[in-house]
Amino acid sequence: MIEATSCGGVVIFRGKILVLFKSYRNRYEGWVLPKGTVEKGETFAQTALREVREETGVKASIVRYVDKSQYIFNIPDDTVSKSVHWFLMMADSYYSKPQREEFFVDSGYYKYHEAYHLLKYSNEKMILEKAYKMYTDLKENGKWAKGYTEIENIDQYNLL
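This next bit is on the confidence of the model for the protein. Regions with low pLDDT carry predicted coordinates that are not meant to be interpreted in detail. A residue-level look at the protein finds 91% of positions with pLDDT of 70 or above and a mean pLDDT of 90. Confidence scores differ between elements of the protein, with strand 3 (residues 28-32) showing the lowest mean pLDDT of 89 and helix 2 (residues 112-118) the highest of 98.

This part is about the layout of surface pockets. Within this model, the largest pocket holds a volume of roughly 600 Å³. Of all elements in the fold, only strand 2 (16-24), strand 3, strand 4 (35-37), helix 1 (44-56), strand 5 (61-75) and helix 3 (122-140) reach the threshold of two or more residues within the lining of the largest pocket. Of the residues that constitute the lining of the largest pocket, the class distribution is 9 nonpolar, 5 polar and 8 charged.

We describe a pair of aromatic rings using the distance from one ring centre to the other and the angle between the two ring planes. For the coordinates displayed, the defined rule picks out 11 aromatic pairs. Consider the rings of Tyr135 and Trp144, whose centres lie 4.8 Å apart with planes at 90°: the pair is edge-to-face. Look at Tyr135 and you get buried, because its relative accessible area is 4%. Residue Trp144 is classed as buried on the basis of its relative accessible area of 15%. Aromatic ring contacts, followed pair by pair, group Tyr112, Tyr116, Tyr132, Tyr135 and Trp144 into a single cluster. The cationic tip of Lys125 hangs over the ring face of Tyr116; the distance from NZ or CZ to the ring centre is 5.1 Å.

Next up on the list: the nonpolar core. The biggest cluster of nonpolar side chains holds 23 residues, and the ones touching the most others in it are Val10, Ile12, Ile17, Leu88 and Trp144. For this core, the secondary structure elements donating two or more residues are strand 1 (2-13), strand 2, strand 5, strand 6 (78-90) and helix 3. Discounting chain neighbours no more than four positions away, the residues touching Val10 are Ile17, Leu33, Phe87, Leu88, Met89, Ile127, Leu128 and Ala131. Core analysis: the second largest hydrophobic core is formed by 16 residues, Phe13, Val58, Phe87 and Met89 among them.

This part takes up the pairing of strand 6. Counting buried residues along strand 6, 11 of its 13 residues qualify, which places the element largely inside the surrounding structure. Summarising the sheet, strand 1 and strand 6 pair through 11 bridges and their orientation is parallel. Paired with Ala4 across the bridge in strand 6 is Lys82. In this structure, strand 5 lies alongside strand 6, joined through 13 bridges in antiparallel fashion.

The end-to-end C-alpha distance of helix 1, which contains 13 residues, comes to 18 Å, matching closely the 18 Å that a straight helix rising 1.5 Å per residue would cover. All of the buried residues along helix 1 are Phe44, Ala45, Thr47, Ala48, Arg50, Glu51, Val52, Glu55 and Thr56. Where the residues of helix 1 are buried, they touch strand 1, strand 2, strand 4, strand 5, strand 6 and strand 7 (104-110).

Reading the values: rules and limits
- Residues numbered from 1 in each chain as written.
- Predicted model: local features only at pLDDT ≥ 70, side-chain atom pairs only at ≥ 80, totals over all residues.
- Heavy atoms only, no water.
- pLDDT = per-residue confidence, 0-100.
- Helix = DSSP H or I, 4+ residues; strand = E, 2+ residues; numbered from the N terminus.
- 1 Å grid on protein atoms, 1.4 Å probe; cavity = no way out; pocket = protein on both sides within 12 Å on 5 of 7 lines; lining within 4 Å.
- Points joined across faces, edges and corners; volume = space filled by probe spheres on them.
- Nonpolar A, V, L, I, M, F, W, Y, C, P; charged D, E, K, R; others polar.
- Phe/Tyr/Trp six-rings, centres within 6.5 Å; stacked < 30°, edge-to-face > 60°.
- Buried < 20%, exposed > 50% of the residue type's maximum accessible area, 1.4 Å probe, protein only.
- Lys NZ or Arg CZ within 6 Å of the ring centre and 35° of its normal.
- Core = buried A, V, L, I, M, F, W, Y, C linked by side-chain atoms within 4.5 Å.
- Contact = heavy atoms within 4.5 Å.
- Pairing = 2+ DSSP bridges.
- Expected span 1.5 Å × (residues − 1).

Structure representation (structure tokens):
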């Protein structure tokens, strides 16, 4: 079994969530949250920020760590056990541009219930639920504002 680690973000701007549509050679189609593989020497937070930027063109800032999701999938000669570390992020505009090289053909910000129903995978839906609850709690307490972060040192999320 191969162990893999990725990191990603639930990116919010004015209450709407950023999602991507991936279409890979008619074998894979669906809406997903931005995420990707940790590169050597990166912290989880650095990976999440880089992957959001690469896949969507969005420069986001991290507000809070959300949680880790895990799943297993098969590849031709092995099985992969993947862990994904998720961060709640804040964007500064509605701008997004899907990364064509990674087979993303559309991206956009959607209301919570729209994004929830668009997402293909149940584990990403669960992460979205947690992150959006965090967002609404912060907003109700007047803490969701440009530049706000609860993570003083994003590098505290180091590689294991």
